[in-house]
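# Overview (structure and organization)
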Amino acid sequence: MDKPLRAPVPPLLPQIASHPGIMAIDITDKFAAAVKKLAPGELIKDGHFTLFESVSALEIMDPKMDSGCLSEGESLDEEYDVTKNLLPEEILGIIDQLLCLEMAWHLGYPLSQTLFTSVHLETLMQPTPVCLDEANFDRDSDEWRRQSPFLFVLRAYGIALLKGCYYVNELVKDELYYEEEDFVTNTYDRDLLTNISLEDVNELLRSTRADLRAMSNQLSKEVREALDLRLEFRVAFLRAMELVGIHKANPESLKTPWIMMGGVLEHLRKQHSLGTPVPEAFSTKMQRRLASTMPPRPIVQLTFEDTCDHFKRMAEDGKEAMDILRYSDPQSLMTFVSSFQARKPQPLVIIRTLMQSLMFKEMIVLGSYSIRHILDHDLSIVCLPNAPQIDPVNDTIEVPMDPRHQTAAQMEIFRQRVADCYLDIYRIFCQNRCRVRRTLCHSIQEWDLLQADVEEIDTLLQHTLDEQMHTSQNGPVGYSLPLSSWAYLYKLRQMEWIVQLGFELSVYQLDELAGMYWYLNYVAKTRAQHGDRIKTFVMRSMFEARNATKTYSPAKEEKYMKSMSYIRVTMLDAACTWEFADGLCCLYTVLQRLKLIKPPPRPYSDDLLRYEIRMKPFVNIGLPQLPSFDDFTKATLQPETSIPDLLKYADGAVGGAKKGYEALSRMQEQNTFSVGCHDRWLANVKNCQKATIFAGIAVNMLQKTIEKFGDGLDGEQMGLHVEMPEEGKGYHDWWIVPKIVSTASSSA
């Protein structure tokens, strides 16, 4: 077939700039002739032409980089008239678009691509108003109020929105977060109505809602109610931000604005169709007025449905976050924070920083407790119930030679040393999940040094309190060393979290799962053994105290029982973790032997290098000692154990973990230290229990297949293949359970 004829393309002619006072000269030919005189590779650079200027030269007239680049006939400034008369439906449409842009900001996009693209908001902010009356669409005249009778609603909404953004921005900046990764606090030289008081804004909202109701004859009832509910949403949001800074507030009163927001959102979703979009009220040209070196970026567009979903989740999270103020004990507080931040999807940055503010505002924990109170309470639960080290009477002794005075001095040194590390654990869990794992890798290094430091304090207190070495039937057990034992337990817990988060975040390759589950088993078993050691000394102290009948009281008995409950649940949790991890390790080892899991090609890597990179967070840890590569490989592959024996061991380990999780699920919230968050804690245990059930099914499937075919064939020859759960779609994020499928049964 003949090719179709094409019309000849005319050559591009250079466009000569034309403007009065400018004489343009075409230097193309001269420039081309000069270039021909240069040798290949020769570079000419003006000494005064800097790198910044060269990059700027590349950006000039590039629409993607140059914010001043204009299309044919386009003006530099936005020509939209903010005082033009708008229908109530159009105002409703603009407000809904502002709501979408606000949520995009909460999700991590900068203000330059979200709220600051609104022409109306820019007019309210510039020039910077010093009082409420100056925050108008036209500061030179009030004529717009008579010409546009409904714009006062948009003005009130915009002012309340900007004031709410100010409070959110200040809240986030005061707490630990990661710029550009979590949230962008840059306001591009806009102050978000800092000079206008919250009382004035609330009064404006009240008067605006009253005036809006008085205009019932000028607009439909549905549109009037829709506008009023959006103003009510702003009232609730500002109230929620205002209550954050109140110490010793009632959690129920703090929940009220979040409940109001959740209730209003259902109505906003239904009313959205009443609005009329006004896209010309939003423009990327607004970015030219901002103090920014960023090139122009498109406006972030969220659907209103997604926006309502995000706000609804924010309201629910904000309401539940207030329960953190119902303090019971430090361990329940730790469970509350870790389980809350592990929710899927994870709470937004505003909620995570709000929780940090509630916990540590002005170095007062939960608005009522000193850091010392929390630390001593934690020590009492973990390893020092009724111990002389934390007896408040010690602080009243002023005689330097008195052992109680010396004990108080040493304990004060201990508290100062551990306070930051201890509180940082709570702060770490308020970050995004990737940052939690990454920061924990640094935290365990600090806790390893901390353990060595407080062991010296333990030794001094041992002499001060004249502690005797504990012995048993099998010989001497040693000294209690309670402070370093406490630090060691926290270090072990963090090491487990690092490995478990690696599974949640898909850090490990499929053929690495067996090894990492073995290491998790190793750390968890160490924690269980350490818990048993702590239990030995707590029981010794309890028996000695009971024998001293004159000073023993029900209050002391209660503290001992609480400590024993904590040790019991800690050891049971560690046992479940080590059993389940051991079972999955054996299961994945069998799958590798049957070639159902095959390592991907790695031309630039080997097993030793991968072992070093996975164990890098733990290589400098003194205790527990890092297993060598040979020990790790041998323990993972278990070359001397047959496949049937591995499956038998895996079946027993998974079954033991299942029974352990069943026992945990039957325990009360006081005994599991999940006060205030027992539902979330119980759901997590139930998910772990489900994972053990399906792991047992996978093991039994392999056992039956091996009994039928023997262990001389690979998995494909036996008609098997493995299906791995999608990320976040398994029974539990920390327990990756494979599904064994028979190709014969599936084809049938």
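All of these numbers come straight from a predicted model, not from anything done at the bench.

Here we come to unusual backbone geometry. For the peptide bond that leads from Gln126 to Pro127, omega is -15°, which places it in the cis range. Along the polypeptide, Pro127 turns up in the loop between α4 (119-125) and α5 (143-147). Cis rather than trans, the peptide bond between Leu623 and Pro624 has omega equal to -5°. Secondary-structure assignment places Pro624 in the loop between α19 (607-614) and α20 (629-637). Backbone geometry places Lys595, a non-glycine residue, at a positive phi of 60°. By secondary structure assignment, the location of Lys595 is in the loop between α18 (554-593) and α19. You will see that Gln638, though not glycine, has its phi angle at about 45°, which is positive. Structurally, the position occupied by Gln638 is in the loop between α20 and α21 (643-665).

Core analysis: the largest hydrophobic core is formed by 214 residues, its most contacted members being Ile324, Met359, Trp486, Tyr517, Phe580 and Trp735. Looking at which domains feed residues into this core, each of domain 1 (88-249 + 278-287) and domain 2 (508-747) supplies at least three. When neighbours within four sequence positions are excluded, Met359 is seen to be in contact with Ile324, Leu333, Val337, Ile364, Val365, Leu366, Tyr426 and Cys430.

What follows is about the pattern of salt bridges. Per the counting criterion, the structure on display carries 45 salt bridges. Between Glu242 and Arg239 there is a salt bridge, and its shortest N-O distance comes to 3.1 Å. A residue pair is termed a helical-turn pair when its members lie 3 or 4 positions apart in one helix, as Glu242 and Arg239 do in helix α8 (residues 221-243) at 3 residues. With relative accessibility at 32%, the residue Glu242 sits in the partly exposed group. Arg417 serves as the salt-bridge partner of Glu446, at 3.3 Å between the closest nitrogen and oxygen. With a gap of 29 residues between them, Glu446 in helix α15 (residues 433-464) and Arg417 in helix α14 (residues 403-428) connect regions that are remote in the sequence. Among the charged side chains, a salt-bridge network with shared partners connects Arg372, Asp376, Asp395, Glu412 and Arg415.

Here the focus is the domain arrangement of the chain. Taken domain by domain, the chain comprises domain 1 (88-249 + 278-287) and domain 2 (508-747). For domain 1 and domain 2, the distance between their C-alpha centres works out to 51 Å.

So, about the confidence of the model for the chain. Summarising the model, the chain shows a mean pLDDT of 91, and 93% of its residues fall at 70 or more. Per-element confidence in the chain is highest for helix α16 (residues 482-504), whose mean pLDDT is 98, and lowest for helix α24 (residues 743-747), whose mean pLDDT is 54. When the criterion is pLDDT under 50, residues 1-14 qualifies, and its contacts beyond four places in sequence or with other chains add up to 1 contact.

This part is about the environment of Met215. One can find Met215 in the loop between α7 (198-214) and α8. Of the residues examined, Met215 reaches a relative accessible area of 11% and is grouped as buried. Put simply, Met215 and Pro149 are 66 residues apart on the chain and 9.7 Å apart in space, counted from C-alpha to C-alpha.

Under the counting rule described, the total for this entry stands at 29 aromatic pairs. Pairing Tyr611 with Phe632 gives two aromatic rings, centres 5.0 Å apart and planes at 45°, and the pair type is tilted. In this pair, Tyr611 is assigned in helix α19 and Phe632 in helix α20, connecting sequence segments 21 residues apart. Of the residues examined, Tyr611 reaches a relative accessible area of 9% and is grouped as buried. What makes Phe632 buried here is its relative accessible area of 12%. In textbook terms, an aromatic cluster arises when at least three aromatic residues are bridged by ring pairs, as seen for Phe360, Phe414, Tyr422, Tyr426, Trp447, Trp486 and Tyr490. Here Arg435 stacks its cationic end above the ring of Tyr178, 3.9 Å away from the centre of that ring. A cation sits over an aromatic face here: Arg680 above Phe336, 4.7 Å from the ring centre.

Reading the values: the criteria
Residues numbered from 1 in each chain as written. Predicted model: local features only at pLDDT ≥ 70, side-chain atom pairs only at ≥ 80, totals over all residues. Heavy atoms only, no water. Helix = DSSP H or I, 4+ residues; strand = E, 2+ residues; numbered from the N terminus. Core = buried A, V, L, I, M, F, W, Y, C linked by side-chain atoms within 4.5 Å. Buried < 20%, exposed > 50% of the residue type's maximum accessible area, 1.4 Å probe, protein only. Domains from an automatic or database assignment. Contact = heavy atoms within 4.5 Å. Salt bridge = Lys/Arg side-chain N within 4 Å of Asp/Glu carboxyl O. pLDDT = per-residue confidence, 0-100. Phe/Tyr/Trp six-rings, centres within 6.5 Å; stacked < 30°, edge-to-face > 60°. Lys NZ or Arg CZ within 6 Å of the ring centre and 35° of its normal.

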